[in-house]
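Observations on the model geometry
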Amino acid sequence: MDLSNISETLIAGKADELRKMVEEGVKENINPADILNQGLLPGMDAVGKKWKAGDMFMPEVLRSAKAMSISMDFLRPLLKDDDVGNAGTMIIGTVAGDLHDIGKDLAAMMFEGAGYNVINIGIDQSNENFVDAVKEHKCNLLGMSALLTTTMPRMGEVINSLKEAGIRDQVTVIIGGAPVTEEFAREIGADLYAPNAGSAVDITREYLQNKN
Ligand code: B1M
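Small disclaimer: the values here were computed from a predicted structure and weren't measured.

With that out of the way, let us pick up the packing of helix α2 (residues 15-27) against helix α4 (residues 58-75). Relative to each other, α2 and α4 sit at 30°, their axes nearing to 8 Å. Here α2 is positioned roughly parallel relative to α4, judged by the angle of their axes. As α2 runs across α4, the sense of the crossing is right-handed. Listed contacts from α4 to A15, L18, R19, V22, E23 and V26 of α2 are A67, M68, I70, S71, F74 and L75. Residue classes in the contact of α2 with α4 are distributed as 9 nonpolar, 1 polar and 2 charged.

Following this line, the structure appears as structure tokens:
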């Protein structure tokens with residue numbers, strides 16, 4: 001099987017077809033890690049690039065993200081720990097009092113596509129839950145999303161709680177969401193702000209490269 005067909009089917013957002021191809025690949029004894037690294041990840045990377053360039057629109061990106069997610073549900077149990085998450089572990093969630101998850105889930109998929117082991121803790125997550133998740137999973141990246149002006153302050157509170165717990169330096173903190181700005185990110189002491197999910201991975205990569 002030509003794994004570039006998997007990338008193409010993912011970009012086209014054909015979830016059922018993609019899942020069948022992935023299953024077929026496994027039946028043909030193709031290493032699941034190769035299906036991920038040479039098929040799905042390049043496909044998701046291309047989706048991110050096309051979206052950024054304005055060559056794909058939101059509903060198409062969501063279809064591709066959903067297709068990736070369905071195929072990953074099948075593939076994940078077959079992968080060894082070493083096969084995924086080379087870039088590190090990311091905790092991502094929407095802050096307390098906020099139920100919006102579409103943008104957050106898109107960002108999660110982009111990071112998963114970039115090789116992060118992404119633990120998506122969901123919506124309406126208390127400050128304590130964020131801190132506990134960072135501690136439990138020893139992650140190196142924390143992503144927070146807020147869509148309401150009333151819930152944005154929770155992001156700063158989580159950062160303060162990380163400081164109080166003595167683990168602020170363990171994680172790079174990236175924030176996003178429609179009302180969030182670069183200036184706000186600076187004010188609350190986040191490391192990074194991403195205006196959209198497509199650019200979030202590049203912004204993180206660049207920051208970490210310059211840091212190391
Ligand atoms: Co709500 N809502 N909503 N809503 N909702 C907004 C956000 C609002 C702007 C609509 C408006 O009034 N024009 C407004 C907020 C006003 C404000 O505070 N400034 C609003 C309101 C007021 C409310 C309620 C209070 C309404 C009510 O009940 N009276 C209520 C609050 C509920 C709550 O959260 N407690 C509410 C409820 C809902 C629904 C549940 C009905 C639904 C959410 C469904 C869901 O998410 N599963 C909903 C929706 C859909 C919206 C709008 C229409 C669309 C949001 C969305 O998904 N956009 C929104 C209006 C709008 O934005 N046009 C609105 C698409 C998504 C891809 O974009 O999430 O911005 P976005 O994500 C972007 C970037 O921001 C960035 O990348 C994404 C893609 O590029 N990004 C990140 C986001 N998170 C990131 C994290 C990163 C990096 C980038 O790294 C970690």
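A word on unusual backbone geometry. A positive phi angle, near 50°, is found at D124, a position not held by glycine. Backbone geometry places K138, a non-glycine residue, at a positive phi of 45°. Topologically, K138 is positioned in the loop between α6 (127-137) and β3 (141-145).

Our next topic: the site of the ligand. The local shell around the ligand holds 27 residues, among which G97, L99, H100, D101 and S145 are the closest. At a separation of 2.6 Å, an oxygen atom of the ligand approaches a polar backbone atom of L99. For the ligand, an oxygen atom lies 3.0 Å from a polar atom in the backbone of A197. Where the shell around the ligand is concerned, the elements lending two or more residues are α5 (102-113), β3 and β4 (172-176).

As paired elements, strand β1 (residues 88-95) and strand β2 (residues 116-125) share 7 bridges and run parallel to each other. Directly across from I92, in β2, lies its bridge partner N120.

Structurally, the chain comprises domain 1 (3-81) and domain 2 (88-211). One C-alpha centre belongs to domain 1, the other to domain 2; they are set 24 Å apart. Every contact between the two is made by 14 residues of domain 1 and, on the other side, 10 residues of domain 2. Both faces combined, the contact of domain 1 with domain 2 buries some 1,000 Å², and carbon together with sulfur accounts for 76% of it. Of all residues in domain 1, M44, W51 and K52 bury the most surface against domain 2, accounting for 42% of the area lost on that side. Applying the counting rule to domain 1 against domain 2 returns 2 salt bridges.

Calculation criteria
Within each chain, residue numbers correspond to sequence positions counted from 1 in written order. Local features in this predicted model are restricted to residues whose pLDDT is 70 or higher, and side-chain atom pairs enter the listing and the counts only when it is 80 or higher, whereas totals over whole chains, interfaces and linings include all residues. Side-chain numbers come from the whole structure's heavy atoms, not from hydrogens or water. Axis geometry follows a simple rule: fit a line to the C-alpha atoms, using only the stretch in contact for helices, then measure angles between N-to-C directions, giving values from 0 to 180 degrees. Secondary structure elements are taken from DSSP: a helix is a run of H or I of four residues or more, a strand is a run of E of two residues or more, and numbering for both begins at the N terminus. Each angle gets one of four labels, with under 35 degrees taken as roughly parallel, over 145 as roughly antiparallel, 65 to 115 as roughly perpendicular, and the rest as oblique. If you view the pair so one helix is near and one far, a crossing is left-handed when the near helix is turned anticlockwise from the far one by less than a right angle, and right-handed when it is turned clockwise. Pairs of residues are marked as contacts when any of their non-hydrogen atoms sit within 4.5 Å. Note on residue classes: Ala, Val, Leu, Ile, Met, Phe, Trp, Tyr, Cys and Pro are nonpolar, Asp, Glu, Lys and Arg are charged, and everything else, Gly too, is polar. Near is defined per residue: the residue qualifies when any heavy atom it owns lies within 4 Å of the molecule or strand. Pairs of N or O atoms within 3.5 Å make up the polar contacts considered here, provided that, within protein, one atom can donate a hydrogen while the other can accept it, and that residues adjacent in sequence are counted only when both atoms are side-chain atoms. Pairing between two strands requires that DSSP report at least two bridges joining them. Residue ranges assigned to each domain were obtained from an automatic or database domain assignment. Here the buried area means the combined drop in accessible surface, using a 1.4 Å probe, for two parts upon being joined, counting both sides. When a carboxyl oxygen of Asp or Glu lies within 4 Å of a side-chain nitrogen of Lys or Arg, that pair is called a salt bridge.

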